[in-house]
Amino acid sequence: PGTNTYIIRSGGEALVLDPGPVIDSHAAAIVAALAGSSPVGVVVTHTHPDHAPLANPLAATLGVPAYGFGRGPDFVPDIAVADGQTIMFGSEVLAAVHTPGHTADHLCFVQGSTLYTGDHIMGGSTVIIEDATAYLESLYRVRELDVHRIEPGHGDAMTDAGAVIDSYIDHRLERE
């Protein structure tokens, strides 16, 4: 349980996604898990304290940039990432999709047929939202991406992305 941290690898290079809060043992575990790969960046989906505070210290330790939509209480991106921008690593591309609703600064990331959702879609719990209209529009947007797998910021991976996204839309419409 907790926030999922992802190490995404391609061609000997790696990105760290959502390193989480500043916890020394977690930072050490991330560095150890990067063995055999050359890290090229630390990426955050949004600036909540369970996703972003370790990003800048970890990026400094690894000698790589920290990527994110914008500043937060405990995060300042070295490289700001806007909707549609990409981060190259190995032979892969991680593409940013601005998905406001949970927070105004929220990004999901697409790699092939996988969607890394941060807190936009979570396994095993409901999403707290700041802006219901923006959140629903963001759900419609990610539904159009034709992804097959969801890797959430919390909970287990989901393999039927279309059905999961549709259920989130149905749930929000029902609540409205």
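To start, this report covers the structure provided alongside it. (Residues numbered from 1 in each chain as written. Predicted model: local features only at pLDDT ≥ 70, side-chain atom pairs only at ≥ 80, totals over all residues. Heavy atoms only, no water.)

### Side note on the sheet that holds strand E3 (residues 38–43)
Condition: At least two DSSP bridges between two strands are required for those strands to pair. A helix here means a DSSP run of H or I that spans at least four residues, while a strand means a run of E at least two residues long, and both kinds are numbered starting from the N terminus. In this description, contact between two residues means that some pair of their heavy atoms is separated by no more than 4.5 Å. An axis is simply a line fitted to the C-alpha atoms; with a helix, the fit covers only the stretch in contact. Between two such axes, the angle follows the N-to-C directions and lies from 0 to 180 degrees.
Here 5 strands make up an open sheet; going across it, the order is E1-E2-E3-E4-E5 and the pairing mixed. The sheet is open, and its two borders are formed by strand E1 (6–10) and strand E5 (79–80), each paired with just one other strand. Where strand E2 (residues 13–17) and E3 come together, 5 bridges link them in parallel fashion. Residue pairing for E3: Leu 17 is matched across the bridge by Val 43. Contacting E2, E3 and strand E4 (66–68), helix H2 (residues 55–62) crosses the sheet at an angle of about 160 degrees to E3.

### A few points about the pattern of salt bridges
The condition is simple: Take a side-chain nitrogen of Lys or Arg and a carboxyl oxygen of Asp or Glu: if they are within 4 Å of each other, that pair is a salt bridge. Relative accessibility under 20% of the residue-type maximum defines a buried residue, over 50% an exposed one, and the middle range a partly exposed one, all with a 1.4 Å probe and only protein chains included.
A complete count under the given rule lists 4 salt bridges for this structure. Measuring nitrogen to oxygen at the nearest pair gives 3.9 Å for the salt bridge that ties Arg 143 to Glu 144. Using a relative accessible area of 34% as the deciding quantity, one classes Arg 143 as partly exposed. A residue is classified by how much of its surface remains accessible, and Glu 144, at 60% relative accessible area, is exposed. With a closest N to O distance of 3.1 Å, Asp 166 and Arg 143 form a salt bridge.

### A look at the pairing of strand E8 (residues 107–111)
E8 sits mainly inside the fold: 5 of its 5 residues count as buried. Across the two faces of E8 the burial is the same, with Leu 107, Phe 109 and Gln 111 and Cys 108 and Val 110 all buried. As paired strands, E8 and strand E9 (residues 114–118) are joined by 3 bridges and run antiparallel to one another. Looking at E9, one finds that Val 110 is bridged to Leu 115. Between E8 and E9, which pair antiparallel and follow one another directly, the connecting turn spans 2 residues, one of which, Gly 112, has a positive phi of 60 degrees.

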